[in-house]
Each structure stands twice: as structure tokens, then as C-alpha cells.
Amino acid sequence: MDEGTGSASARRTIRDLPASERPRERLAARGAAGLSAAELVALVWGSGERGRSAVDLASEALVRHEGVSGLARATELELARIPGVGAAKAARLTAAFELGRRAVTDWPAGRWTIRSPRDIADRLVLQMGRLEREELRVVILNTKNVVLRVATVYVGNVSSSLVRVGELFRDAVRLDAAAVILVHNHPSGDPTPSPDDLHLTAEALAAGRLLDVDVLDHLVVGADAYVSLRDRGVSFDRPASAREVRPPGDQLRRCPVAS
């Protein structure tokens with residue numbers, strides 16, 4: 001290979017592409033929905049590295065992490081380790097994915113009313129279903145089941161032996177709330193409730209009765225699926241006992257979300 005030719009080829013950048021193939025121009029002409037995942041990531045990064053355009057770099061990152069969902073789950077440190085990415089580009093992409101998750105959670109804007117477990121799942125399965133660590137969140141409601149706040153009360157191993165039950169009701173008491181719904185995820189992707197999940201539910205029900213705050217449900221979230229313990233037969237309407245917290249069945253609630 002001619003050294004001069006190889007050097008010129010190695011320095012190919014987005015500026016070397018025809019205008020119709022550049023991500024920014026394609027965005028203006030076709031809108032964001034008309035761009036490939038690599039082009040969208042390239043726009044977030046803004047530049048590539050010596051020898052590779054931003055699109056080339058984004059394509060390699062997508063292959064390494066098996067698509068957009070894998071890239072979204074990657075930590076900032078994992079992204080920074082991709083050759084040519086570095087700390088700055090990793091931070092930009094992490095921020096972009098987090099904005100996307102928050103946009104989904106906040107939609108529609110304003111307060112929202114809970115009428116069924118699906119009303120919570122439509123928002124939180126997208127946000128929590130593919131987290132790599134367990135999180136326990138409390139959906140805080142007023143007397144009309146309008147959501148006042150969604151508080152993250154625990155990150156780590158959500159176990160009844162580790163979670164302080166008082167933390168579940170701290171914000172609810174401050175807001176003079178009428179009820180709460182517990183939501184936590186299984187990083188394995190399987191939302192089948194564990195015995196520990198059932199025990200935590202029973203403890204929360206007992207504490208809620210003492211504080212005069214109703215516990216209406218406990219949702220366990222997996223990858224694109226969820227389980228409502230109320231739907232599984234756990235009694236949230238009378239004192240909980242070991243007999244009422246029954247082993248879960250086989251049926252899962254499926255959500256129409258992208259893999």
C-alpha cells in the first residue's frame with residue numbers, strides 16, 4: 001500500500017463524507033427518527049478520533065455492547081475504556097441516556113393517577129427493568145391515588161434483613177400521604193417474587209398499619225415484565241400473616257417495551 005494513500009485513508013473523518021451522508025445534515029433533512037443508532041451516538045459525541053469518524057467509533061461501541069440497550073446499561077467507566085472514547089465522550093453518552101430515561105418516567109408531565117398496577121409499570125419498567133443493581137422505590141399517593149412523589153429509598157441488595165422499614169414511610173409521613181406502593185427490580189430480569197420479597201411486603205404492611213399509611217401493592221420489576229403481589233393474591237386489605245403471603249404463580253405481566 002502506498003504510504004501516502006494509507007495515511008489519507010486513516011484520516012477519514014465525517015468532513016470527508018458527502019454532505020448527504022453526514023449525521024448533522026441527515027438529522028436536519030430526515031429528523032432524529034431517520035438516523036441510525038450509530039449516527040445518533042455520533043451526534044452526541046461530536047467527533048471521532050484520529051483515523052476513525054464519530055460514526056465509526058459509535059458503530060464499534062454498539063457492536064462491543066450488543067446494541068443500544070447494552071450501551072445504555074454500560075457504566076461510564078466501561079464506556080471510557082472503549083478505544084477512542086475516553087472520559088469526556090463517556091460522560092456525554094451517560095448523560096444522554098439518563099435524560100432519555102427521565103423523559104420516559106416524567107411522561108406525561110404533571111401528576112398522574114394510579115388506577116391499576118399497569119399505570120406504574122408503564123413508567124417504571126422502562127426505567128428499572130434493566131438496572132444492574134437492585135433499587136427499591138416508593139410511590140407516594142394522596143387520598144385520590146394521585147402520585148405525590150416517587151422516592152428511591154434503597155440501592156443495593158433489597159432484602160428484608162437489610163432494608164429499614166421506617167425508610168419506606170419517611171417521605172410519606174412528611175407529605176401526610178394516604179398510601180404507598182412499593183416497587184423494586186430484579187437485575188436478573190426475572191420478576192418472580194422471592195420469599196424475601198414476600199417477607200418485606202408483610203413487614204411493610206404491618207408498619208403501614210401502625211403509621212396509618214396504606215400499602216396498596218408491591219411491584220417486582222424485571223426485563224420488560226413485572227409482577228403485582230396484589231394480583232398474585234397477597235392481601236393488602238387485612239392484617240398480613242404468613243398464610244396470606246402465598247408463593248407466587250407462573251403468570252407474569254408483560255409490558256410493550258423494546259428489548
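Bear in mind the structure is a predicted one, so any value in this text is a computation, not a measurement.

### A word on the overall build of the protein
Right, on to step 1. If you tally the helices and strands in the protein, you get ten helices and six strands.
Right, on to step 2. For the protein, buried positions account for 41% of its 259 residues.
Right, on to step 3. Accessible area for the protein stands at about 14,100 Å²; split by element, carbon and sulfur atoms hold 51% of it.

### Digging into unusual backbone geometry
Right, on to step 1. Unusually for a residue other than glycine, Glu-66 sits at a positive phi of about 60°.
Right, on to step 2. The phi torsion at Asp-176 lies on the positive side, around 55°, for a residue other than glycine.
Right, on to step 3. Turning to its location among the elements, Asp-176 is positioned in the loop between helix 9 (165-174) and strand 3 (179-185).

### Topic: the nonpolar core
In globular proteins that are soluble, nonpolar side chains generally tend to be buried together.
Right, on to step 1. Ranked by internal contacts, the top residues of the largest apolar core, which has 24 residues, are Val-138, Ile-140, Leu-168, Phe-169, Val-180 and Val-215.
Right, on to step 2. Breaking this core down by element, the ones donating at least two residues are strand 1 (134-141), strand 2 (147-156), helix 9, strand 3 and helix 10 (195-211).
Right, on to step 3. Ranked by residues supplied to this core, first place goes to helix 10 with five residues.
Right, on to step 4. Those residues within four positions of Val-138 in sequence are excluded, and the remaining contacts are Arg-149, Val-150, Ala-151, Val-153, Leu-168, Val-180, Ile-181 and Leu-182.
Right, on to step 5. Counting 19 residues, the second-largest nonpolar core is a separate cluster that includes Leu-62, Ala-74, Ala-90 and Phe-97.

### Things to note about a nonpolar patch on the surface
Right, on to step 1. The grouping of Val-173, Leu-210 and Leu-211 at the surface amounts to a nonpolar patch, some 320 Å² of accessible area in total.
Right, on to step 2. Within the secondary structure, Val-173 is located in helix 9.

### Description of the confidence of the model for the protein
Right, on to step 1. For the protein, per-residue confidence averages 81 on the pLDDT scale, and residues scoring 70 or more make up 79% of the total.
Right, on to step 2. Contacts from residues 1-11, a stretch scored under 50 in pLDDT, to residues over four places away or in other chains number seven contacts.
Right, on to step 3. Confidence drops under a pLDDT of 50 for residues 240-251, and excluding neighbours within four residues, the segment shows 21 contacts in the predicted structure.

### Remarks on helix 4 (residues 54-64)
Right, on to step 1. Every buried residue of helix 4 is accounted for by Ala-54, Val-55, Leu-57, Ala-58, Ala-61 and Leu-62. Relative to the axis of helix 4, the buried residues are bounded by an arc of 160° and lie together on one face.
Right, on to step 2. Positive backbone phi, approximately 60°, marks Glu-66, located one or two places after helix 4.

### Remarks on the packing of helix 9 against helix 10
Right, on to step 1. Where helix 9 meets helix 10, the closest approach of the two axes is 9 Å, and the angle between their N-to-C directions is 45°. Relative to helix 10, the element helix 9 lies oblique. At the point where helix 9 passes helix 10, the crossing takes the right-handed sense. Mapping the contact onto sequence places Val-165, Leu-168 and Phe-169 in helix 9 and Leu-200, Glu-203, Ala-204, Ala-207, Gly-208 and Leu-211 in helix 10.

### Quick look at the side chain of Asp-217
Right, on to step 1. Mapped onto the elements, Asp-217 comes out in strand 4 (residues 214-222).
Right, on to step 2. Although buried, Asp-217 forms no salt bridge, and the nearest oppositely charged side chain, Arg-230, lies 4.9 Å from it.
Right, on to step 3. Polar contacts involving the side chain of Asp-217 include one to the side chain of Ser-228, which spans 2.6 Å.
Right, on to step 4. Side-chain polar atoms of Asp-217 contact the backbone nitrogen of Leu-229, separated by 3.4 Å.
Right, on to step 5. Leaving out residues up to four positions away in the same chain, Asp-217 has contacts with Pro-117, Val-180, Ile-181, Leu-182, Ser-228, Leu-229, Arg-230 and Phe-236.

### Some points on the pairing of strand 2
Right, on to step 1. Where strand 1 and strand 2 come together, eight bridges link them in antiparallel fashion. When the sheet's bridge partners are listed, Val-139 is paired in strand 2 with Val-150.
Right, on to step 2. Hairpin remark: strand 1 followed by strand 2, antiparallel, with five residues in the connecting loop; positive phi at Asn-145, about 65°.

### Here we look at the environment of Gly-129
Right, on to step 1. Along the chain, Gly-129 turns up in the loop between helix 8 (117-128) and strand 1.
Right, on to step 2. Put simply, Gly-129 and Gly-222 are 93 residues apart on the chain and 4.7 Å apart in space, counted from C-alpha to C-alpha.
Right, on to step 3. Setting aside residues no more than four positions away along its own chain, Gly-129 makes contact with Leu-124, Val-221, Gly-222 and Ala-223.

What counts and what doesn't
- Residues numbered from 1 in each chain as written.
- Predicted model: local features only at pLDDT ≥ 70, side-chain atom pairs only at ≥ 80, totals over all residues.
- Heavy atoms only, no water.
- Helix = DSSP H or I, 4+ residues; strand = E, 2+ residues; numbered from the N terminus.
- Buried < 20%, exposed > 50% of the residue type's maximum accessible area, 1.4 Å probe, protein only.
- Areas by Shrake-Rupley, 256 points an atom, 1.4 Å probe, with all protein chains shown as cover.
- Core = buried A, V, L, I, M, F, W, Y, C linked by side-chain atoms within 4.5 Å.
- Contact = heavy atoms within 4.5 Å.
- Patch = residues over 30% accessible without salt bridge, like charges linked within 9 Å, V, L, I, M, F, W, Y side chains within 5 Å.
- Salt bridge = Lys/Arg side-chain N within 4 Å of Asp/Glu carboxyl O.
- pLDDT = per-residue confidence, 0-100.
- Arc of directions from axis to C-beta.
- Axes fitted to C-alpha atoms, helices over the stretch in contact; angles between N-to-C directions.
- Parallel < 35°, antiparallel > 145°, perpendicular 65-115°, else oblique.
- Left-handed = near helix turned anticlockwise from the far one by under 90°.
- Lys, Arg positive; Asp, Glu negative; His and termini not counted.
- Polar contact = N/O pair within 3.5 Å; in protein donor to acceptor, adjacent residues only side chain to side chain.
- Pairing = 2+ DSSP bridges.

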